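Overview (structure and organization)
Given next are the chains, with one letter for each unit.
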Amino acid sequence: MKIGVVMDPINSINIKKDSTFEMIWQAQQLGWQVIYFELADLSIDSGIARGLGRVLKTYQDQNHWYDLGDRQPLALGDLDAILMRKDPPFDMEYVNATYILELAELQGALVVNSPNALRDCSEKVYCAWFPDLCPETLISRDGGQLRDFLNLHGDVILKPLDGMGGTSVFRVQLTSPNISVIIETLTEHGTRYAMAQRFIPEIVNGDKRILMVNGEAVPYSLARIPAAGETRGNLAAGAIGVVQKLTARDAEVAAAVGPELVQRNILFAGLDVIGDYVTEINITSPTCIKEINAEANTNIALDLMQVIEQKVRK
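Note that the structure is a prediction, hence the values are computed from the model and not measured.

Cut-off values and rules
- Residues numbered from 1 in each chain as written.
- Predicted model: local features only at pLDDT ≥ 70, side-chain atom pairs only at ≥ 80, totals over all residues.
- Heavy atoms only, no water.
- Helix = DSSP H or I, 4+ residues; strand = E, 2+ residues; numbered from the N terminus.
- Buried < 20%, exposed > 50% of the residue type's maximum accessible area, 1.4 Å probe, protein only.
- Contact = heavy atoms within 4.5 Å.
- Core = buried A, V, L, I, M, F, W, Y, C linked by side-chain atoms within 4.5 Å.
- Phe/Tyr/Trp six-rings, centres within 6.5 Å; stacked < 30°, edge-to-face > 60°.
- Axes fitted to C-alpha atoms, helices over the stretch in contact; angles between N-to-C directions.
- Parallel < 35°, antiparallel > 145°, perpendicular 65-115°, else oblique.
- Left-handed = near helix turned anticlockwise from the far one by under 90°.
- Nonpolar A, V, L, I, M, F, W, Y, C, P; charged D, E, K, R; others polar.
- Polar contact = N/O pair within 3.5 Å; in protein donor to acceptor, adjacent residues only side chain to side chain.
- Pairing = 2+ DSSP bridges.
- 1 Å grid on protein atoms, 1.4 Å probe; cavity = no way out; pocket = protein on both sides within 12 Å on 5 of 7 lines; lining within 4 Å.
- Points joined across faces, edges and corners; volume = space filled by probe spheres on them.

A word on the overall build of the protein. Looking only at helices and strands, the protein features eight helices and 17 strands. By principal-axis analysis of the C-alpha atoms, the protein measures approximately 60 × 45 × 40 Å. Scored against the burial criterion, the 314 residues of the protein give a buried share of 49%. Contacts spanning at least 24 positions in sequence make up 67% of the contacts within the protein whose residues lie at least 6 apart.

Pasting the structure below:
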């Protein structure tokens, strides 16, 4: 197998917790050749999806965790599979990259996750396809509608649609100062969409990340417990990760979402669950593989690689 990976610069990652690194490592343990790309390496030349790739070798060494070969031009469709692991923001450059990867898919490579799904299933907006599983949610750029939603529920979370790691996530109550400023900032004075969700008090027990491989839930989640004085269950915002077995409700939620993921060729996803509710469905570059593997008897990246191999061979 020859597998490509499109990612952020590998020299900037933390291998102790980076899920993409773990995927690369497991592919390497299977004897696969891994070809490394950054977004700038992708192109379309006379209808052919191409890339300037470098052979990547990885090591479990905090001081020297990779070696890269020289850049070599190749047709992306000649690869067996390509992992699209570029982190958000999901901007037009990201969208343009999915067009290149869609062409690569048509020309022979399995792309994980499907470029169509990456475009169609915005991590926050996609929850609207599962209203029975989600808290009350409004997506709007109209300040009046967002304020009416706050007046109705009294305690809400406001956040941008294209953020990650808890960036610009606000808990807003009727007595909060600067409500107008928060709404104006998030919507850029009514020119950008923002999301409002009813606040879920069970966040004190953690924002659970449930990983899905080919529509099936990993039997353990990572509950990200907010730091003192915080309402954001994001590791990047100081939350503490605690590995837990899935509850009956977690399994019910995963079973409801799983078939839709399979239908859209989403082989790897991360459901964010607070209490009984799904708040986000992450498909661009879900994380938490390393944290769950460290505490549970799992090898999530290997499971994903085996699914990829089965699909390629089929």
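Still more ground to cover, so stick around.
Residues Leu-76, Ile-82, Leu-271 and Ile-281 are the most contacted members of the largest nonpolar core, which totals 39 residues. For this core, the element with the highest residue contribution is helix H2 (residues 92–106), accounting for five residues.

Next up on the list: the packing of aromatic side chains. The final tally for this structure, using the stated rule, is four aromatic pairs. Residues Phe-90 and Tyr-94 carry aromatic rings whose centres are separated by 4.8 Å and whose planes lie at 40° to one another, so their mutual orientation is tilted. Note on Tyr-94: relative accessible area 1%, which makes it buried. Centroid distance Tyr-126 to Trp-129: 6.1 Å. Interplanar angle 50°. Geometry classified as tilted. A relative accessible area of 1% places Tyr-126 in the buried class. One aromatic cluster is present, formed by Tyr-126, Trp-129 and Phe-130 through successive ring pairs.

Looking now at the packing of helix H1 (residues 19–29) against helix H8 (residues 300–313). Relative orientation and spacing of two packed helices are given, respectively, by the angle between their axes and the distance between those axes. Contact geometry for H1 and H8: axes closest at 9 Å, N-to-C directions at 60°. Considered as vectors, H1 and H8 are oriented oblique to each other. Handedness of the H1/H8 crossing: right-handed. Residues Glu-22, Met-23, Gln-26 and Ala-27 of H1 pack against Ala-301, Leu-302, Leu-304 and Met-305 of H8. Along the lines of polarity and charge, the residues of the contact of H1 with H8 split into six nonpolar, one polar and one charged.

So, on to unusual backbone geometry. Residue Pro-88 is joined to Pro-89 through a cis peptide bond whose omega torsion reads 25°. Position of Pro-89 relative to the elements: it lies in the loop between strand S7 (81–84) and H2. In this chain, Val-112 is followed by Asn-113 through a cis amide linkage whose omega measures 0°. Residue position: Asn-113 is located in the loop between strand S8 (110–112) and helix H3 (115–120). Positive phi values are uncommon outside glycine, yet Asn-214 reaches one of about 55°. What makes Asn-214 partly exposed here is its relative accessible area of 26%.

Tracing the sequence through the fold places Arg-224 in strand S14 (residues 216–225). A residue is classified by how much of its surface remains accessible, and Arg-224, at 5% relative accessible area, is buried. Side-chain polar atoms of Arg-224 contact the backbone oxygen of Asp-207, separated by 3.0 Å.

Here five strands make up an open sheet; going across it, the order is S15-S14-S13-S16-S17 and the pairing antiparallel. Of all the strands in the sheet, just strand S15 (240–245) and strand S17 (277–282) have a single pairing partner and so form its edges. Each neighbouring strand pair of the sheet contributes to a mean axis angle of 25°, computed without reference to strand direction. Both strand S16 (residues 268–274) and S17 contribute to a ladder of five bridges, which runs antiparallel. Opposite Asp-272, over in S17, you have Glu-280 as the bridge partner. The strands touched by helix H6 (residues 248–263) are strand S13 (207–213), S14, S15, S16 and S17; relative to S16, the strand with the most contacts, the crossing angle is about 145°.

Now for empty space enclosed by the protein. This model, assessed by the stated rule, comprises one cavity of 30 Å³ or more. By volume, the largest cavity is sized at about 40 Å³. Around the largest cavity, the lining residues are Met-23, Met-84, Arg-85, Val-112, Asn-113, Phe-268, Ile-283, Thr-284 and Leu-304. Its residues assigned to classes, the lining of the largest cavity shows six nonpolar, two polar and one charged.

For the rest of this paragraph, the subject is the environment of Tyr-59. Note that Tyr-59 resides in the loop between strand S4 (48–58) and strand S5 (66–68). Through-space distance from the C-alpha of Tyr-59 to that of Lys-2 is 18 Å; in sequence the pair is 57 residues apart. The contacts of Tyr-59, once residues within four sequence positions are left out, are Ile-15, Phe-21, Trp-25, His-64, Trp-65, Tyr-66 and Asp-67.

With that settled, consider the side chain of Thr-284. Take Thr-284: it is sitting in the loop between S17 and helix H7 (289–295). The class for Thr-284 is buried, based on a relative accessible area of 6%. Here Glu-123 takes part through its side chain, which lies 2.4 Å from a polar atom of the side chain of Thr-284. Not counting residues within four places of it along the chain, the set of residues in contact with Thr-284 comprises Met-84, Arg-85, Pro-88, Phe-90, Tyr-94, Leu-118 and Glu-123.

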